[in-house]
There are 2 protein chains.
Amino acid sequence: MVNEPHSASNGSASSRSDGSSSGSESSKDSSRCSTPVLDAERHERLREKMRRRYESGDKWFSLEFFPPRTANGAVNLISRFDRMGMGGPLFIDVTWHPAGDPGSDKETSSMIIANTAVNYCGLETVLHMTCCNQTKEEITGHLQKAKHLGLKNIMALRGDPIGEEWEEEVEGFNYAVDLVKHIRCEFDDYFDICVAGYPKGHPEAESYEADLRHLKEKVSAGADFIITQLFFRSKTFLAFMKDCQAIGITCPIVPGIFPIQGYHSLRQLVKLSKLEVPQEIKEVIEPIKDNDAAIRNYGVELAVSMCRELLDSGMVSGLHFYTLNREVATTEILKRLGIWKEDPRRPLPWAVSAHPKRRVEDVRPIFWASRPKSYIHRTQEWDDFPNGRWGNSSSPAFGELKDYYLFYLKSKSPREELLKMWGEELMSEESVFEVFTCYISGEPNREGHKVTCLPWNDDPLAAETNLLKEQLEKVNRRGILTINSQPNINGKPSTDPIVGWGPSGGYVFQKAYLEFFTSSENITALLKVLKTKKYELRVNYHIVNVRGENITNAPDLQPNAVTWGIFPGREIIQPTVVDPVSFMYWKDEAFALWIEQWAKLYEEESPSRMIIQYVHDNYYLVNLVDNEFPLENCLWQVMEDTFGLLNCPTEP
Amino acid sequence: MVNEPHSASNGSASSRSDGSSSGSESSKDSSRCSTPVLDAERHERLREKMRRRYESGDKWFSLEFFPPRTANGAVNLISRFDRMGMGGPLFIDVTWHPAGDPGSDKETSSMIIANTAVNYCGLETVLHMTCCNQTKEEITGHLQKAKHLGLKNIMALRGDPIGEEWEEEVEGFNYAVDLVKHIRCEFDDYFDICVAGYPKGHPEAESYEADLRHLKEKVSAGADFIITQLFFRSKTFLAFMKDCQAIGITCPIVPGIFPIQGYHSLRQLVKLSKLEVPQEIKEVIEPIKDNDAAIRNYGVELAVSMCRELLDSGMVSGLHFYTLNREVATTEILKRLGIWKEDPRRPLPWAVSAHPKRRVEDVRPIFWASRPKSYIHRTQEWDDFPNGRWGNSSSPAFGELKDYYLFYLKSKSPREELLKMWGEELMSEESVFEVFTCYISGEPNREGHKVTCLPWNDDPLAAETNLLKEQLEKVNRRGILTINSQPNINGKPSTDPIVGWGPSGGYVFQKAYLEFFTSSENITALLKVLKTKKYELRVNYHIVNVRGENITNAPDLQPNAVTWGIFPGREIIQPTVVDPVSFMYWKDEAFALWIEQWAKLYEEESPSRMIIQYVHDNYYLVNLVDNEFPLENCLWQVMEDTFGLLNCPTEP
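Residues numbered from 1 in each chain as written. Chains lettered and ligands numbered in written order. Predicted model: local features only at pLDDT ≥ 70, side-chain atom pairs only at ≥ 80, totals over all residues. Heavy atoms only, no water.

Can you break down the overall build of chain A residue by residue, with the values?
Counting its secondary structure elements, chain A contains 21 helices and 18 strands. For 652 residues, the compact-globule estimate of 2.2 N^0.38 gives 26 Å, and the C-alpha radius of gyration of chain A, at 27 Å, lies within 12% of that figure. Viewed in the frame of its principal axes, chain A has a C-alpha envelope of about 95 × 70 × 45 Å. In chain A, buried positions account for 62% of the 652 residues. With an accessible surface of roughly 26,000 Å², chain A has 49% of that area assigned to carbon and sulfur atoms. (Helix = DSSP H or I, 4+ residues; strand = E, 2+ residues; numbered from the N terminus. Rg over C-alpha atoms; globule rule 2.2 N^0.38 Å. Buried < 20%, exposed > 50% of the residue type's maximum accessible area, 1.4 Å probe, protein only. Areas by Shrake-Rupley, 256 points an atom, 1.4 Å probe, with all protein chains shown as cover.)

Give me helix α14 (residues 429–441) of chain A: which residues, what numbers.
Residue and element names in this part refer to chain A. Spanning 13 residues, α14 covers 19 Å between terminal C-alpha atoms, matching the ideal 18 Å at 1.5 Å per step. By the criterion of burial, α14 is predominantly enclosed, with 10 of the 13 residues buried. Here α14 has its buried residues at S431, V432, F433, V435, F436, T437, C438, Y439, I440 and S441. Contacts from the buried residues of α14 go to α13 (415–422), α16 (469–477), β10 (481–486), α19 (580–598) and α20 (607–618). Within two residues after α14, G442 carries a phi angle of roughly 80°, on the positive side. (Expected span 1.5 Å × (residues − 1). Contact = heavy atoms within 4.5 Å.)

How would you summarise the nonpolar core if you had to cite specific residues and measurements?
By size, the foremost hydrophobic cluster in this structure holds 334 residues, and its most contacted members are W456(A), W594(A), W598(A), W456(B), W594(B) and W598(B). With residues up to four places along the chain from it excluded, the contact list for W594(A) reads V432(A), F436(A), W456(A), L481(A), F517(A), A599(A), I612(A), V615(A) and H616(A). (Core = buried A, V, L, I, M, F, W, Y, C linked by side-chain atoms within 4.5 Å.)

Tell me about the pattern of salt bridges, and name the residues and values.
Evaluation of the coordinates by the stated rule reveals 62 salt bridges over all chains. Here D459(B) ties to K412(B) by a salt bridge, and the two come within 2.8 Å at their closest N and O atoms. With D459(B) in the loop between α14 (429–441) and α15 (463–466) and K412(B) in the loop between α12 (372–378) and α13 (415–422), this pair connects stretches of sequence that are 47 residues apart. In this structure, the salt-bridge partner of D588(B) is K587(B), at a minimum N-O distance of 2.7 Å. Judged by its relative accessible area of 35%, D588(B) falls in the partly exposed class. With a relative accessible area of 3%, K587(B) lands in the buried category. When salt bridges that share partners are traced, they join R45(A), R47(A), R184(A), D189(A), D192(A) and D224(A) into one network. (Salt bridge = Lys/Arg side-chain N within 4 Å of Asp/Glu carboxyl O.)

Kindly report on the packing of helix α7 (residues 234–246) of chain B against helix α10 (residues 292–312) of chain B, identifying the contributing residues and their values.
Residue and element names in this part refer to chain B. At a minimum axis separation of 9 Å, α7 and α10 run at an interaxial angle of 30°. One element, α7, and the other, α10, form an angle in the roughly parallel class. You can see that α7 and α10 cross each other, and the crossing is right-handed. Contacts between α7 and α10 involve S234, F237 and L238 on the former and, on the latter, M306, E309 and L310. (Axes fitted to C-alpha atoms, helices over the stretch in contact; angles between N-to-C directions. Parallel < 35°, antiparallel > 145°, perpendicular 65-115°, else oblique. Left-handed = near helix turned anticlockwise from the far one by under 90°.)

Hey, could you go over the sheet that holds strand β13 (residues 512–518) of chain A for me, with residue numbers and the actual values?
Sheet strands line up and pair through hydrogen bonds in the backbone, either parallel or antiparallel. Residues and elements named next belong to chain A. Read across the open sheet, the 5 strands follow the order β10-β13-β18-β14-β15; overall the sheet is antiparallel. Each end of this open sheet is capped by a strand with a single partner; those strands are β10 and β15 (550–552). Each strand of the sheet is rotated relative to its neighbour by a mean of 10°, with strand direction disregarded. Together, β13, β14 (539–545), β15 and β18 (620–626) form the strand contacts of helix α17 (residues 520–530), whose direction differs from that of β14 by roughly 155°. Here α19 sits on the sheet and contacts β10, β13, β14, β15 and β18; the angle it forms with β14, its principal contact strand, is near 45°. (Pairing = 2+ DSSP bridges.)

If you had to explain the sheet that holds strand β4 (residues 153–157) of chain A to someone new, which residues and values would you point to?
Residue and element names in this part refer to chain A. The strand order β1-β2-β3-β4-β5-β6-β7-β8 describes a closed barrel built from 8 strands, whose pairing is parallel. Across the sheet, the mean angle separating the axes of adjacent strands is 30° when strand polarity is ignored. Note that strand β2 (residues 91–94) and strand β3 (residues 125–130) share 3 bridges and pair parallel. The residue bridging V94 from the neighbouring strand is L127, located in β3. Against the sheet, helix α3 (residues 110–119) makes contact with β2 and β3, and its axis sits at roughly 165° relative to β3, the strand it touches most.

Hey, could you go over the pairing of β13(A) for me, with residue numbers and the actual values?
Of all 7 residues that make up β13(A), 7 are buried, and the element is covered over most of its length. The two faces of β13(A) match: A512(A), L514(A), F516(A) and T518(A) on one face and Y513(A), E515(A) and F517(A) on the other face are all buried.

These figures come from the coordinates and say nothing about function on their own.
Spelled out as structure tokens, the structure:
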């Protein structure tokens, strides 16, 4: 009961953060961070997270992807990371193909895909790396680059030798164990290292026993855990695991699960891995080999029952899935096993990056709520990230955003779809109002197309924004072109499915926020309203045009906290602020999106393009905060009053 | 209406922080910081605060004190600083008497008194300094020491020459202007400098005009403002002020007001200052010269009407009072003039120190709520002070508190009074319970003495604690010896007279907190209660004995914010936390107070002393936080359940 002097013990009240959703104008769900189940996990390395799971008996899974072939494939893969990340994988891994220039800066390289997963999708990521046919310098270069990008986990592999003949190089890297040793020698304990295990023995090994000894060597050299090659029967894995334990391998061994998703992919894989498909499986598959859906259904059934056997054995708590970059089968298996997180808790209201530099980050300006990847991109050079307080104007500068076409910042929709949504031909500013209104209402536009994204919001309306839908629709119709908003919240439980975030047992709060573009005529009326006694001390505003001419009533350029949470046994967390200084950087991006994402869809000099250019040149970007969070949101009344003034312009 | 690109303007919503009160177990009022009316002021130097007042036309006052003769006088003077500080002086000043070793470390030196005013009473302070008969090195030494102690303002004076003959030293400091030049030369712009002005001319000056020229030289040499010698008629000052302006003196000139408080002090002063008392005043005073009260009443009337004339002239916004270290007359004059702050707003719930190093400090552990001077003392060597977040165990170490007898940490009550309150002779532990109970209830003890302080609380019960009085009384009777507590608050206006703090227009929140000593038998029952499902996730506890053996359920030694405020246009402020690491330092102090302040009142080996020693050796110090601030405080139910368990010890 009583502990040592001066060392307090942890008791029973460890606070968990598990399960809820939300967003602002657009859903933000796509980039929601799902990995950190416990707050503390954000500061843990992968092997610690894994150990915590093994100790608690909590089941987990991980997902393997290969790098895409094309830039478009990269855009799609990143969306898939965002979607599959929501299920709560402990980590994902990205394979390494020497022929594909895997360490380069190309958007399809293993290195860049892994970098995107960590930094922009907030996923704990393992980067594969092979060593044969490479110099020590090349390998060290790859590892240094990975470290610089914030990657902390390497799957150390030998890789396939070039050509048929296998020649050992005296000074070179001939086996995965050489790479493991090299990583530990050059990078000490920085990386967590994973190695491959072969439940049936490596096809090139002298024997199953010899291969087990090789595996033990890899672990002794510094590997932290093992992921196995695929297998078709649970007993294959369980026997392998016992054999590993028998020769003293004590690190985690994660079974690699290959859901059969099609006849050809299975044949291909079997050829590469030199594994034999059991007769009972062949017998089912051969007759239905041209029916993809039937094969996939069978594959799902097979995987589910094998996974159940593994989990029920009591020897397995985590499962590693070879996804083949596909979603449906793996997701279904995970859901049926009950280990897909249906309601992932958000540790913070925005997507946390998994870069080690950003571990303490817990405050961001609200402006990038729907563009978190752009925020991460523009702040990637920062040395420190704000934590606890945003602080005032001393915050470091934002990088310029000229790279609208980086695959991880790009719209998921192709040009033709965008034209359908935003209009093949614009007639007037009112055509623009209609696009915004349709995005909010969910109603199809004149041409019958639903507007599912805007340049500022690449995802459909967030659940939270739905709470404001009626009022938003009304003001957009009148040319108040909203791009970000949140309702006021006066202490809802942190487990609230719409606005909750953070550990359970807490309360979350918000000040009402509204951000929009509007014409200078509207601004004149709005300012008159904002300066009335009713609002002058209650509503903080920042109004700016593309040239940076701005009007504000914020005292001393101080940030205004607009989202905060109170939790048991914690300090206050205030994850979003309206910061006057950052707003000027956001303004550049928000205005540029009119041109980069919208105007450029049209021919130069075309009327449509000129309309967007006019809006860009003449409209103002406005943000409003209602500081009275316990009262009814007054921002809609501000809008009503503004419209009233516009209707009767002669009144005082 | 529209400003320059990329430079946001300040608008109308400058948030003010003006007026309210509170405390925890003891009133804490005594050391409440009153100086910063605006949050921003905390970061401003005296001359900026003064300019802000001149620009806004807000009236202000300052108070002059001289160093005490005895250590006991120092204790009393510090209490007076605390009380008079509540009225909201813009600054106080401490005079310099070369004969009294003014730059030494004695508790009666000018230097140490000024240091105490700044650091422990949170008062903007001006230290007088004279220069004649001192070497450059001595003067530089004094200034360096003042700077090191956090003093930022010097009143530069010549001082009286020793003996009758006045001999100029060629290289020495012969006039105040030499000191002004020296300060500016050696310390650049670090200090704000005040100089003396003589409305009737300096008695030693060749002429009134020559004296004005000397004054102008002092200002040109770098003085920031002028305080005048006393005078008896407002027109004397107003004429002087016009003459100053006529020769180009543009800095603030503050009239020195001398409230006549007694016949002898007036005669003494007149003799020293070589001023003549006007006939009309003499005629009133002479007949009543033995009636102190009558003279004081007359002096108050006289001062009030002269001050009114000065303020009404439109040329004066601040008044400087020669208090002669007395409270009654000056306080009454200020109240009658309406410039004594009746309801000083607290910028934070605790007394802010005015040391420049501590300007950003806005988080403290709740434990020292009633002992803020001890907290400041134990953290005086810190280089950085927490701001925004307390942070976790990396916080710097606290200094040991062995100096219980430093005058600014000492009880205001002498030993005899303490014995009357706490018992000349204790019979048992229950005698101790009674002392605590009487302190809470306000009822006299068995011997008929009220208990107005405890070793942990040198002031009577705070207004806020009064809200909990009934429950506190009940538990103290049962041996739950409370030393700190606060009720839960779910969003009261920041202007609330009892629990409010910070700028107006905001909302303040608290988690319920209770801290007490109790026996190990009670701890056993309490822990059983705390570990029931009802409380285990709701209540955080830390329990420790004098040997540091501790029990807690705090996750990962993280601090728990227990007071926070939400304000318009600001980040969240969380001024008090329950920090598990600091609690171990506080525990040393809290236990030591049993012995140092209480046990040592009795003879060694006496039964009374042995009872206190027993409590010290065997009791536990406990703190409890109810995290559910929106619900009814459950800590009283925890106590009830504990008592229930103690009454029926056999039940599960």
